[in-house]
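Here's the letter readout for the chains.
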Amino acid sequence: MAAEYTFFSSAHGSFPRIDHMLGNKTHLKTFKKIEIISRIISDHNGIKLEINKRMNLGNYTNTWKLNNMLLNDQWVNEESKKEIEKLLETSDNGNTTCQNLWDTAKSVLKGNFTAISAYIKKEEKLQINNLMMHLKVLENQEQTQPQIRRKEIIKIRAEINKM
C-alpha cells in the first residue's frame, strides 16, 4: 500500500502530510474513522472524519455562511483588501494557476471573515458586560436616591436592547 499524503508540491516534487485534524482526547471515542480522500482537481487531498453514529449530535451542521452585514462595514472591507493584496504578493509567482489562487483566496477570506466576526462578537459582549455593570451600580444608587438615576438607567437599558 502506498503512503497517503494531503498535498503535492510540484515545485519540490514532494508529497507531505501538511493538513491535520485536531481534537480533544476525550472525544476520540466519537471518531469512527479518519481517512485521506484522493484529489480530483486541487493539489490538496481532503481529510474525511467519520463520526460514530451512535452519538446523538442532533441537527448539527458545520456549513459556514458569510454574514452579509460584514460587507457593509468599511473597516472589514479594508482588512479584506489588505488580506487579498498580501495573498497576491506572496502567492502569485507566475506559475500559480488562477484556480489555485482563487481557492486560496476563498480560504483566506473565510478565515479573515471568521476572525473579524469573532472579534466583533467579543467586543459586543465586552460592551454589554460593561453596560450591565454600570446599570447594576446605577440601580443600587437608585435605591438610595430614587429619582436622580432613573433617566440614566432607562438610557443604558435602551443601549443594551439596541445591541
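Details of the structure are given in the entry above.
Reading guide: rules and limits
Residues numbered from 1 in each chain as written. Predicted model: local features only at pLDDT ≥ 70, side-chain atom pairs only at ≥ 80, totals over all residues. Heavy atoms only, no water. Patch = residues over 30% accessible without salt bridge, like charges linked within 9 Å, V, L, I, M, F, W, Y side chains within 5 Å. Areas by Shrake-Rupley, 256 points an atom, 1.4 Å probe, with all protein chains shown as cover. Salt bridge = Lys/Arg side-chain N within 4 Å of Asp/Glu carboxyl O. Helix = DSSP H or I, 4+ residues; strand = E, 2+ residues; numbered from the N terminus. Core = buried A, V, L, I, M, F, W, Y, C linked by side-chain atoms within 4.5 Å. Buried < 20%, exposed > 50% of the residue type's maximum accessible area, 1.4 Å probe, protein only. Contact = heavy atoms within 4.5 Å. Expected span 1.5 Å × (residues − 1). Arc of directions from axis to C-beta. Polar contact = N/O pair within 3.5 Å; in protein donor to acceptor, adjacent residues only side chain to side chain.

(A) Summary view of a nonpolar patch on the surface. Nonpolar side chains collect at one region of the surface, where I34, L49 and I51 lie side by side and expose about 230 Å² of accessible area between them. With respect to the element layout, L49 can be found in strand β2 (residues 46-51).

(B) Examining the pattern of salt bridges more closely. Applying the stated criterion across every chain, the model contains three salt bridges. Residues K86 and E83 are paired through a salt bridge, measuring 3.7 Å at the closest nitrogen-oxygen approach. With K86 and E83 both in helix α1 (residues 74-91), this residue pair falls three residues apart, about one helical turn.

(C) Up close: the nonpolar core. In terms of nonpolar packing, the biggest core is built from six residues, these being L131, L135, L138, I153, I156 and I160. Among the elements of the structure, α2 (98-144) and α3 (150-162) are those that each provide at least two residues to this core. Contact partners of L135, with chain neighbours within four places excluded, come to I153, I156, R157 and I160.

(D) Quick peek at α1. An ideal rise of 1.5 Å per residue puts 26 Å on 18 residues; α1 measures up with 26 Å between its terminal C-alpha atoms. Looking at α1, one finds that the buried residues are V76, S80 and L87. Along the axis of α1, the buried residues cluster in a sector spanning 35°; they form a single face. Opposite its buried face, α1 presents the exposed residues Q74 and E89, each directed more than 90 degrees away. The inward-facing, buried residues of α1 abut α2. The opening residue of α1, the one whose side-chain oxygen lies 2.9 Å from the backbone nitrogen of W75, is D73.

(E) Structural view of the environment of F31. By the element assignment, F31 lies in strand β1 (residues 31-37). Given the relative accessible area of 27%, F31 is considered partly exposed. Between the alpha carbons of F31 and L49 there is a distance of 7.0 Å; along the sequence they are 18 residues apart. The residues contacting F31, other than those within four sequence positions of it, are L49 and E50.

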